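Observations on chain architecture
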Amino acid sequence: MGQLHFFLFPMMAQGHMIPTLDMAKLIASRGVKATIITTPLNESVFSKAIQRNKQLGIEIEIEIRLIKFPALENDLPEDCERLDLIPTEAHLPNFFKAAAMMQEPLEQLIQECRPDCLVSDMFLPWTTDTAAKFNIPRIVFHGTNYFALCVGDSMRRNKPFKNVSSDSETFVVPNLPHEIKLTRTQVSPFEQSDEESVMSRVLKEVRESDLKSYGVIFNSFYELEPDYVEHYTKVLGRKSWDIGPLSLCNRDIEDKVERGKKSSIDKHECLKWLDSKKSSSIVYICFGSVAIFTASQMQELAMGLEVSGQDFIWAVRTDNEEWLPEGFEERTKEKGLIIRGWAPQLLILDHQAVGAFVTHCGWNSTLEGISAGVPMVTWPLFAEQFFNEKLVTEVLRNGVGVGSVQWQATACEGVKREEIAKAIRRVMVDEAKEFRNRAKEYKEMAKKAVDEGGSSYTGLTTLLKDISTYSFTSD
Ligand code: UDP
């Protein structure tokens with residue numbers, strides 16, 4: 001049989017497109033043709049990296065095909081083609097509706113190109129039907145880990161949050177390999193409510209289409225969460241392939257600097273600053289591509305940093321300068337570097353000066369921290385971030401929580417400076433040795449997993465074999 005051809009269709013959000021680009025590079029490096037499907041506004045997320053590969057003479061075949069995103073037709077502002085660009089949360093249903101209108105053009109593309117499989121985002125549940133029409137397998141990409149999907153599954157089956165009498169009382173998530181405790185405040189309201197909402201309908205469709213799909217690709221690796229890989233595949237009976245950490249395919253500086261967006265700081269300036277610092281001496285703070293903090297919560301964080309006494313590099317995604325406590329930047333100019341906008345996260349995390357990562361526990365960031373061997377200070381906000389926090393702080397034990405307990409789209413409820421400083425000092429000073437040793441072990445495991453013969457390398461080999469046999473049997 002000829003060259004395999006994968007269609008990859010991520011949700012239009014940085015946290016989904018960035019790992020998809022890495023996935024495309026990875027599968028293309030194994031001789032597969034990869035076609036990424038996206039909208040015009042998002043083309044640049046992929047095109048620069050692909051061009052750079054071409055300029056370097058790297059012979060990999062990645063194409064981009066664009067589908068118009070019907071924003072205006074769905075009462076969204078023009079150019080609202082990415083989740084972080086929606087004006088308010090209330091516009092979320094419009095965004096999903098617009099995405100579903102991409103079905104027909106996608107089918108035309110599949111008709112034209114006849115790929116061997118469709119790897120598509122969990123948030124594009126209708127793609128299972130599309131793939132079925134063409135008798136090709138649909139593989140789901142959730143962008144998260146096994147642990148989070150196992151916790152989510154148990155929550156839906158057992159509804160343990162119904163057995164407690166207050167929002168702050170803890171309950172155990174049943175039938176998991178570890179005793180995981182949560183409170184109602186840490187669980188998404190969509191999961192808890194019996195009432196139907198647009199979001200709960202979307203999530204139901206996601207689950208149903210998941211079950212009908214051929215299997216699930218994970219940006220994770222076996223050695224990181226073996227109990228949960230077993231649980232997911234043996235107890236829940238799902239087919240999966242773990243092929244991560246995907247970010248480890250970015251080996252040179254350029255690839256690390258420009259992921260998703262153009263970095264807001266010159267790489268030389270950033271490296272010069274980092275080079276001037278001692279090993280494991282600074283804290284890196286970044287909350288991903290969508291999380292929002294109120295000015296008062298940001299001020300509290302700034303004060304927490306000062307109280308911790310640690311040097312820092314802080315990526316801040318707001319134009320509003322109200323978050324700066326009076327005189328903060330002047331007082332901390334020797335100790336801190338503030339990046340206003342997009343940070344070259346991989347470049348920073350991989351630098352030996354970084355000793356801790358204050359993260360919102362988005363899975364990409366979390367796994368990037370793990371792959372770089374950096375202990376974490378966890379500050380989850382929404383999505384499955386509270387589950388990811390449990391994985392880090394209680395299963396892997398390579399980080400500590402800052403005390404965020406409220407599931408919310410905007411961080412506005414009181415995490416106090418003392419708690420922030422305490423968590424940072426635990427990881428950077430008081431228990432630094434234990435955290436660093438553990439983090440280093442995971443870094444080594446991650447690298448081994450993606451090296452030739454490692455678990456993720458073999459996971460990808462199995463995926464490619466499964467797809468060739470699928471194509472073969474269905475011909
Ligand atoms: N990222 C980055 N620079 C930034 C912010 C984010 O490079 O200033 C990247 C980060 O490395 C990760 C992705 O954007 O790959 C964010 O994904 P994640 O799942 O951590 O969070 P989300 O943005 O989806 O909440």
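Residues numbered from 1 in each chain as written. Predicted model: local features only at pLDDT ≥ 70, side-chain atom pairs only at ≥ 80, totals over all residues. Heavy atoms only, no water.

Under an unreviewed UniProt entry, the name given to the protein is Glycosyltransferase, and the source organism is Lycium barbarum. Under the Sequence similarities (unreviewed entry) heading, UniProt states for the protein: "Belongs to the UDP-glycosyltransferase family." (UniProt positions renumbered as here; feature names shortened; annotations may be inferred.)

1. Section: the overall build of the protein
A count of helical and extended segments in the protein gives 19 helices and 17 strands. For 475 residues, the compact-globule estimate of 2.2 N^0.38 gives 23 Å, and the C-alpha radius of gyration of the protein, at 22 Å, lies within 12% of that figure. Classification of the 475 residues of the protein by burial places 57% in the buried group. Taking all contacts inside the protein whose residues are at least 6 apart in sequence as the whole, residues at least 24 apart take part in 69%. Just so you have it, the protein exposes about 20200 Å², and 49% of that area is on carbon and sulfur atoms. Looking at the protein, you have 55 positive and 68 negative side-chain charges, and the mean spots of the two groups are 3 Å apart. (Helix = DSSP H or I, 4+ residues; strand = E, 2+ residues; numbered from the N terminus. Rg over C-alpha atoms; globule rule 2.2 N^0.38 Å. Buried < 20%, exposed > 50% of the residue type's maximum accessible area, 1.4 Å probe, protein only. Contact = heavy atoms within 4.5 Å. Areas by Shrake-Rupley, 256 points an atom, 1.4 Å probe, with all protein chains shown as cover. Lys, Arg positive; Asp, Glu negative; His and termini not counted. Charge placed at Lys NZ, Arg CZ, Asp CG, Glu CD.)

2. Description of the pairing of strand 14 (residues 354–359)
A large share of strand 14 lies buried, amounting to six of its six residues. The pairing of strand 10 (residues 282–286) with strand 14 spans five bridges and is classified as parallel. Bridge pairing links Ile282 to Val354 in strand 14. Direction of pairing for strand 14 relative to strand 15 (residues 376–378): parallel, over a ladder of three bridges. If you follow Thr359 over to strand 15, its bridge partner there is Thr378. After leaving strand 14, the chain enters helix 15 (residues 363–372) and then returns to the sheet as strand 15, a path that is right-handed. (Pairing = 2+ DSSP bridges. Right-handed = clockwise from strand over helix to strand, strands pointing away.)

3. Some remarks on the sheet that holds strand 14
If you walk across this open sheet you meet the six strands as 13-12-10-14-15-16, and the pairing is parallel. Each edge of the open sheet carries a strand with a single partner, namely strand 13 (336–340) and strand 16 (399–401). Averaged over all pairs of adjacent strands, the angle between strand axes in this sheet comes to 15°, irrespective of strand direction. Helix 16 (residues 385–396) rests against strand 15 and strand 16 of the sheet, and its axis sits at about 125° to strand 16. (Axes fitted to C-alpha atoms, helices over the stretch in contact; angles between N-to-C directions.)

4. Quick notes on the packing of helix 1 (residues 14–28) against helix 2 (residues 43–55)
Interhelical geometry of helix 1 versus helix 2 gives an angle of 25° and a closest axis separation of 10 Å. Considered as vectors, helix 1 and helix 2 are oriented roughly parallel to each other. In the crossing of helix 1 with helix 2, the sense of the turn from one axis to the other is right-handed. Where helix 1 abuts helix 2, its residues Gln14, Met17, Leu21 and Lys25 lie against Val45, Phe46, Ala49, Ile50 and Asn53. In terms of residue class, the contact of helix 1 with helix 2 is built from six nonpolar, two polar and one charged. (Parallel < 35°, antiparallel > 145°, perpendicular 65-115°, else oblique. Left-handed = near helix turned anticlockwise from the far one by under 90°. Nonpolar A, V, L, I, M, F, W, Y, C, P; charged D, E, K, R; others polar.)

5. Looking at the state of the cysteines
Inspection of every chain in the model, using the stated rule, returns zero disulfides. Free cysteine Cys249: the closest other cysteine sulfur is in Cys117, separated by 18 Å. (Disulfide = S-S within 2.5 Å.)

6. Some thoughts on helix 12 (residues 295–308)
End to end, helix 12 covers 20 Å across 14 residues, agreeing with the expected 20 Å (1.5 Å per residue, within 8%). Gln297, Met298, Glu300, Leu301, Ala302, Gly304, Leu305 and Ser308 are the residues of helix 12 that are buried. In this structure, the buried side of helix 12 is in contact with strand 10, strand 11 (292–293), strand 12 (311–316), helix 13 (328–331), strand 17 (410–411) and helix 17 (417–430). Directly after helix 12, the chain includes Gly309, whose backbone phi takes a positive value near 75°. (Expected span 1.5 Å × (residues − 1).)

7. Section: the confidence of the model for the protein
When the pLDDT values of the protein are averaged, the result is 94; 99% of them are 70 or greater. Interface scoring of the predicted complex returns ipTM 1.00; its pTM is 0.97. (pLDDT = per-residue confidence, 0-100.)

8. Considerations on the site of the ligand
In the vicinity of the ligand lie 16 residues, with Ser289, Ala343, Asn364, Ser365 and Glu368 positioned nearest. With respect to the ligand, the side chain of His360 contributes an N or O atom lying 2.9 Å from an oxygen atom. Asn364 is positioned with one of its side-chain polar atoms (N or O) 2.9 Å from an oxygen atom of the ligand. For the shell around the ligand, the secondary-structure elements that each account for two or more residues are helix 1 and helix 15. (Near = heavy atom within 4 Å. Polar contact = N/O pair within 3.5 Å; in protein donor to acceptor, adjacent residues only side chain to side chain.)

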